[in-house]
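Residue-level listing of the chains:
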Amino acid sequence: MECPSSCQTNCTNQNFKNNDVSNTFVANTGTTGLGLFAATDIKKDEFVIAFTGDVISSKEYEKRTLEYKKSKTFPYVYKAGPFYIDATDRGNSAKYANYSCNFNMRTEKWQLDGKLDGFVALGFFAGRWIKKGEEQTIDYNYDVDE
Ligand SMILES: C[S@@+](CC[C@H](N)C(=O)[O-])C[C@H]1O[C@@H](n2cnc3c(N)ncnc32)[C@H](O)[C@@H]1O
C-alpha cells in the first residue's frame, strides 16, 4: 500500500502519486512497434513506472474493446481489480511496454489512499538489473491466476 499524501515530507513510498517517468523513454523497437526503454541503469526491484489511464468499469471495457477492434487500435488496457485501466487516449508511456516471455519487469498491484473501492494501481518494477538502453518488457498475462 502506498503512503497517503499527508505522510512525512521525505516519504519515499509515493511512487504512484509522483508519477515519475524519468527512468524510461519510448522508441521504435524495429520489430514490435514502439517500446519502452531504460533511460538509466535500474536496480532489481526498483519501481520503474506506473501504468496510468482512464479507470473504467467492465461494462465500459466491453464497449471500448468493440470500438478498438473496429478501429484496429492496439489494446492499451489492463485489468485492475474489478476495474480496468485504459491508456489508449489518456495514459503515460507505460502503455508502450511490449510483451516478452523473458520479461524484465513484473507488474505489481498497489492499493492507493482515497481511491475507488477495490481499485488497484498497476506498477512495473524491475525483475532484475536492467541496463540503460535495454528494452523494458512485461508479462501481459500477469493477472491469469485471479
Ligand atoms: C500495449 S501495445 C505495446 C506497444 C506497441 N508496440 C505500440 O507500438 O504501441 C501491445 C501491442 O504491441 C505489440 N506487441 C507487444 N509485444 C509484442 C511481442 N513480443 N511480439 C510482437 N508484437 C508485440 C502487439 O501488436 C500488441 O498488440
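What you see is a predicted model; the values in this text were computed from it and never measured.

Some points on the overall build of the protein
The number of helices and strands found in the protein is two helices and ten strands. Beginning at the N terminus, the succession of helices and strands in the protein can be written as α-β-β-β-β-α-β-β-β-β-β-β. For a compact globule of 146 residues, the expected C-alpha radius of gyration is about 15 Å, and the protein comes in at 15 Å, within 12% of that figure. Based on the C-alpha atoms only, the size of the protein along its principal axes is roughly 45 × 40 × 30 Å. Split into buried and exposed, the 146 residues of the protein put 40% on the buried side. Once local pairs closer than 6 in sequence are excluded, the contacts in the protein between residues at least 24 apart make up 66%. Side-chain charges in the protein split into 18 positive and 20 negative, and the spacing between the mean points of these groups amounts to 4 Å.

Here we look at the site of the ligand
Close to the ligand lie Thr32, Gly33, Leu34, Phe74, Pro75, Tyr76, Lys95, Tyr96, Ala97, Asn98, Tyr99 and Tyr140, which account for all nearby residues. One of the backbone nitrogen or oxygen atoms of Thr32 is found 2.6 Å away from a nitrogen atom of the ligand. In this structure, Tyr99 approaches the ligand through a main-chain N or O atom, which is 2.7 Å from a nitrogen atom. For the ligand, whose accessible area on its own is 570 Å², the fraction buried by protein is 73%. A majority-of-atoms criterion places the ligand in the largest pocket. Here the residues of the shell around the ligand sort into eight nonpolar, three polar and one charged.

Quick look at the packing of aromatic side chains
This structure, assessed with the given rule, holds 14 aromatic pairs. With centroids separated by 5.3 Å and ring planes inclined at 75°, the aromatic side chains of Phe47 and Phe125 adopt a geometry described as edge-to-face. Here Phe47 is found in strand S3 (residues 47-51), whereas its partner Phe125 is found in strand S9 (residues 121-126), with 78 residues between them in sequence. Side by side, Phe47 and Phe125 carry an identical accessibility label, which is buried. Both rings, one in Tyr78 and one in Tyr140, keep their centres 6.0 Å apart while their planes meet at 55°; by these two values the pair is tilted. Highlighted residues: Tyr78 in strand S5 (residues 77-80) and Tyr140 in the segment after strand S10 (135-138), separated in sequence by 62 residues. Residue classification places Tyr78 among the buried residues on the basis of a relative accessible area of 9%. By relative accessible area, which is 37% here, Tyr140 ends up partly exposed. Here a set of aromatic residues connected by ring pairs shows up, and it is made of Phe51, Tyr78, Tyr99, Phe124, Tyr140 and Tyr142. In this structure, Lys79 is placed above the aromatic ring of Tyr84, and the distance from its NZ or CZ to the ring centre is 5.6 Å. Over the face of the ring belonging to Tyr76 we find Lys95, whose NZ or CZ atom lies 4.9 Å from the ring centre.

Conventions we followed
- Residues take numbers from 1 onward in each chain, read along the sequence in its written order.
- For a predicted model such as this one, the threshold for reporting local features is a pLDDT of at least 70, and the threshold for listing and counting side-chain atom pairs is 80 or more; totals across whole chains, interfaces and linings nevertheless cover every residue.
- In computing side-chain properties, one takes all heavy atoms of the structure into account and sets aside hydrogens as well as water.
- The way it works is that DSSP assigns letters per residue, a run of H or I at least four long becomes a helix, a run of E at least two long becomes a strand, and they are numbered from the N terminus.
- A radius of gyration in this sense is built from C-alpha atoms; the matching globule rule multiplies 2.2 Å by the number of residues raised to 0.38.
- Partly exposed describes any residue whose relative accessible area lies between the buried limit of under 20% and the exposed limit of over 50%, with all areas from a 1.4 Å probe on protein chains only and scaled to the type maximum.
- Any two residues having at least one pair of non-hydrogen atoms within 4.5 Å are treated as being in contact.
- This count recognises Lys and Arg as positive and Asp and Glu as negative, with His and chain-terminal groups excluded.
- Where a charge lies is defined by one atom per residue type, namely NZ (Lys), CZ (Arg), CG (Asp) and CD (Glu).
- Note on terminology: near, applied to a residue and a molecule or strand, indicates that one of the residue's heavy atoms is within 4 Å of it.
- Think of a polar contact as two N or O atoms within 3.5 Å of one another; within protein, one of them needs to be a possible hydrogen donor and the other a possible acceptor, and neighboring residues in sequence only count if both atoms come from side chains.
- The accessible surface values rely on the Shrake-Rupley method and a 1.4 Å probe; as for residues, cover is taken only from the protein chains in view.
- Using a 1 Å grid laid over the protein atoms alone, points where a 1.4 Å probe fits but cannot get out form a cavity; open sets with protein on both sides within 12 Å along at least 5 of 7 lines form a pocket; any residue with an atom within 4 Å of a point counts as lining.
- Any molecule with more than half of its atoms within 2 Å of a cavity's or pocket's grid points is counted as sitting in it.
- Gly falls in the polar group here, along with every residue not listed as nonpolar (Ala, Val, Leu, Ile, Met, Phe, Trp, Tyr, Cys, Pro) or charged (Asp, Glu, Lys, Arg).
- Side-chain rings of Phe, Tyr and Trp (the six-membered ring for Trp) are treated as a pair once their centres are within 6.5 Å; stacked means planes under 30 degrees apart, edge-to-face means over 60, and tilted covers the remaining angles.
- In this scheme, the term charge over a ring applies when either NZ of a lysine or CZ of an arginine sits within 6 Å of the ring centre and within 35 degrees of the ring normal.

Purely geometric stuff here, so don't read any function into it on its own.
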